[in-house]
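# Remarks on the overall topology
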Amino acid sequence: MRLTFILILISIINVFPQLRPSTYLIGEEIILQKQSSSENPASNSISDIISIGDTVWLGTSRGVSVSFNRGESWTNFYGTEAFGTQSISAIAYHNGIFFSATARAVEVTGGQTLPEGTGLKITTDLGQTWISVPQPLDDQNDTTLVYGINDGVRAPLVRALPVTVAVQNLAYDIAINSGYVFISTFAGGLRKAPVDSLIANPNYKWQRVLLPSDKVNSISPDDTIKFALQPVAGRFGPDNNLNHRVFSVVSADDSTLYVGTAGGINKSTDGGISWVKFNHQNQDEPISGNFVVALAYDFISKNIWAATWKAEALTEFYAVSVSENGGVSWQTSLIDERAHNFGFKLTFNTSQVIAACDNGPFRSRNMGLSWILPGPIVDSKSNLTLPTSVFYSAAASGNTVWLGSVNGLAKLDETGLMWTGTWKLYIASPPLAAAYESYAFPNPFSPRLDVVKIKYSTGGKNSKVTIRIFDFGMNLVRTVIQNAERGAPTHVVDGQLSGTSGVIDFWDGRDESGSIVSNGVYFYRIDVDSDNPLFGKILVLQ
């Protein structure tokens, strides 16, 4: 696989996977509002989670959401003046300061849709106020930088490609180290700015951080640099450095940083000045692949974990890579699995790692020698099953485990053995307007990208529910559930639902034989006990 700028579309799945229900819209515009409190986060696509005690921060396709009471209620910032309709591409928390990177999809010449970074949003008061930082950009004349003896006197300045546009230039990860905030911005490379200066002046000029080129395995300030800081060849020069295409960054201590690129893992022990590079080619026990989409540091065991994907070499492969000696050697596991993120759970003074992957949230207590998946994730109150195996994020605090997927947030209050306990699902959707209303979202929907959610009410009682799908000729296509136990803590006042998100079931767009249905109009019928059935329409559009 050749890594070009188009590879940004692989990771953009983390940012823009959630099709929005039309009921959120008025015409074509979202109403800007104050932060809202809800039973659920604003999005079902959860790209990142930070859990600290009772507080849980989420980065989602619909802005930032936060709970201060372990998920009993959520404050959502989507549609506010600070966030508008932007998605979140990265979040971080350090010493009471929360950082989030924002992005959006834009259409460029030729009709292609690409991601565009829109900067950072920072809060020092738990979301009461937000500081908006523009996306770091270079001036057209920013063609050189100083690095150690390469100051234009002792040795020539380092040539550096100026990144002057925000398209394909967004922060995929954030780390804090030695008073600096570091961001991995793919097209813009690794950048840093002093935290205090950035808060005082959001327009503070970010510094570009030099990493080794593809042809060298380390750099230090005493080296004469003979390459350009340049992620792709072009009019600026022939350099085409995969190691300058940056996707992930994590801080291990006040001076140690790990940075993941399309060319390997880079480690600095002096706050991002000197670097040594680890990749699939330059070690006897290497990482599995050079495309490093996620990094995480386990502060209990001091291990560094990496989601290492296949890049260009035929010998590379997808896997999870871990090092217990600071990157000197690596162990690989979950071969052929595409991991997106990591979380850690402290149990009896030992740490367990959770790898959020395409085929589930894998969990290990022995450095990846063996992994355990949970069984079906079923909400203990609604009996709803999370209808996906694709997970993008994981975190834990105490006995609570959080999992972020493309179809909602899952919370496990663990009671003992691994993956045992009580599950709760959070599915974002507009409230039902009446006691016996129903609707489906996203609508239209593509079975190749999502599942359609069918929301309805049981009238506040435990009921037997059957849901069937019919085609335009009213021929039965699929029985989604039949006589299934469903119920919700619904309160009906004068025919209106109060304080409830209703009940949600899913249809994956397949018929009884398991084949994806053709494009067209379909109808659903909901039978709740012996009450009058509810009907609705679904448009399948691939």
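The model shown is predicted, which means the values in this text are computed figures rather than measured ones.

### As for the sheet that holds strand β18 (residues 257–261)
- Judged by pairing direction, the sheet is antiparallel, and its 5 strands sit side by side in the order β16-β20-β19-β18-β17 without closing on themselves. Of all strands in the sheet, those bounded by a partner on one side alone are β16 (218–219) and β17 (246–251).

### Concerning the packing of aromatic side chains
- Overall, the coordinates contain 24 aromatic pairs when judged by the stated rule.
- With centroids separated by 6.1 Å and ring planes inclined at 40 degrees, the aromatic side chains of Phe77 and Phe83 adopt a geometry described as tilted. A single burial state applies to Phe77 and to Phe83, both of which are buried.
- Each member of the aromatic cluster is reached from another via a ring pair, and the members are Trp57, Phe68, Phe77, Phe83, Phe98 and Trp130.
- For Arg338, the ring lying beneath its charged end belongs to Tyr318, and the centroid distance is 4.1 Å.
- Between the NZ or CZ atom of Arg363 and the centre of the ring of Trp419, over which it lies, the distance is 4.8 Å.

### Describing the environment of Thr479
- Among the secondary structure elements, Thr479 is positioned in strand β35 (residues 476–486).
- Remark: the alpha-carbon pair of Thr479 and Thr466, spanning 13 residues in sequence, is separated by 7.7 Å.

### Things to note about unusual backbone geometry
- Across the junction of Phe441 and Pro442, the peptide omega takes the value -10 degrees, indicating a cis bond.
- Looking at the element boundaries, Pro442 is found in the loop between β32 (439–441) and β33 (452–456).
- Residue Pro444 is reached from Asn443 by a cis peptide bond, and omega for that bond is 10 degrees.
- With respect to the secondary-structure elements, Pro444 resides in the loop between β32 and β33.
- Despite not being glycine, Phe186 has its phi angle at roughly 50 degrees, a positive value.
- Looking at the secondary structure, you find Phe186 in the loop between β13 (180–184) and β14 (190–194).

### Comments concerning the sheet that holds β32
- Strand order across the open sheet formed by 3 strands is β32-β33-β38, with antiparallel pairing between neighbours. Single-partner strands in this sheet number two, and they are β32 and β38 (503–507). With direction set aside, neighbouring strand axes in the sheet form an average angle of 30 degrees.

### A few points about the side chain of Asn44
- In this fold, Asn44 is placed in the loop between β1 (36–38) and β2 (46–52).
- Under the relative-accessibility criterion, Asn44 is labelled buried at 1%.
- Here Ala428 takes part through its backbone nitrogen, which lies 2.5 Å from a polar atom of the side chain of Asn44.

### So, the pattern of salt bridges
- A full pass over the atoms with the stated rule returns 15 salt bridges.
- Of the charged contacts, one joins Asp527 and Arg468 as a salt bridge, the two residues approaching to 3.5 Å between their closest N and O atoms. Here Arg468 lies in strand β34 (residues 463–470) and Asp527 lies in strand β39 (residues 520–528), a separation of 59 residues in the sequence.
- Residue classification places Arg468 among the partly exposed positions, given a relative accessible area of 25%.
- Residues participating in the shared-partner salt-bridge network are Asp138, Arg191 and Arg208.

### A look at the environment of Ser268
- With respect to the helices, strands and loops of the structure, Ser268 is situated in strand β19 (residues 264–268).
- Between the alpha carbons of Ser268 and Asp142 there is a distance of 25 Å; along the sequence they are 126 residues apart.
- With residues near it in sequence (within four places) discarded, Ser268 still touches Ser255, Thr256, Leu257, Ile273, Ser274 and Trp275.
- Of the polar contacts made by the side chain of Ser268, one reaches the side chain of Asp270; its length is 2.8 Å.

About the thresholds
- Residues numbered from 1 in each chain as written.
- Predicted model: local features only at pLDDT ≥ 70, side-chain atom pairs only at ≥ 80, totals over all residues.
- Heavy atoms only, no water.
- Pairing = 2+ DSSP bridges.
- Helix = DSSP H or I, 4+ residues; strand = E, 2+ residues; numbered from the N terminus.
- Phe/Tyr/Trp six-rings, centres within 6.5 Å; stacked < 30°, edge-to-face > 60°.
- Buried < 20%, exposed > 50% of the residue type's maximum accessible area, 1.4 Å probe, protein only.
- Lys NZ or Arg CZ within 6 Å of the ring centre and 35° of its normal.
- Axes fitted to C-alpha atoms, helices over the stretch in contact; angles between N-to-C directions.
- Polar contact = N/O pair within 3.5 Å; in protein donor to acceptor, adjacent residues only side chain to side chain.
- Salt bridge = Lys/Arg side-chain N within 4 Å of Asp/Glu carboxyl O.
- Contact = heavy atoms within 4.5 Å.

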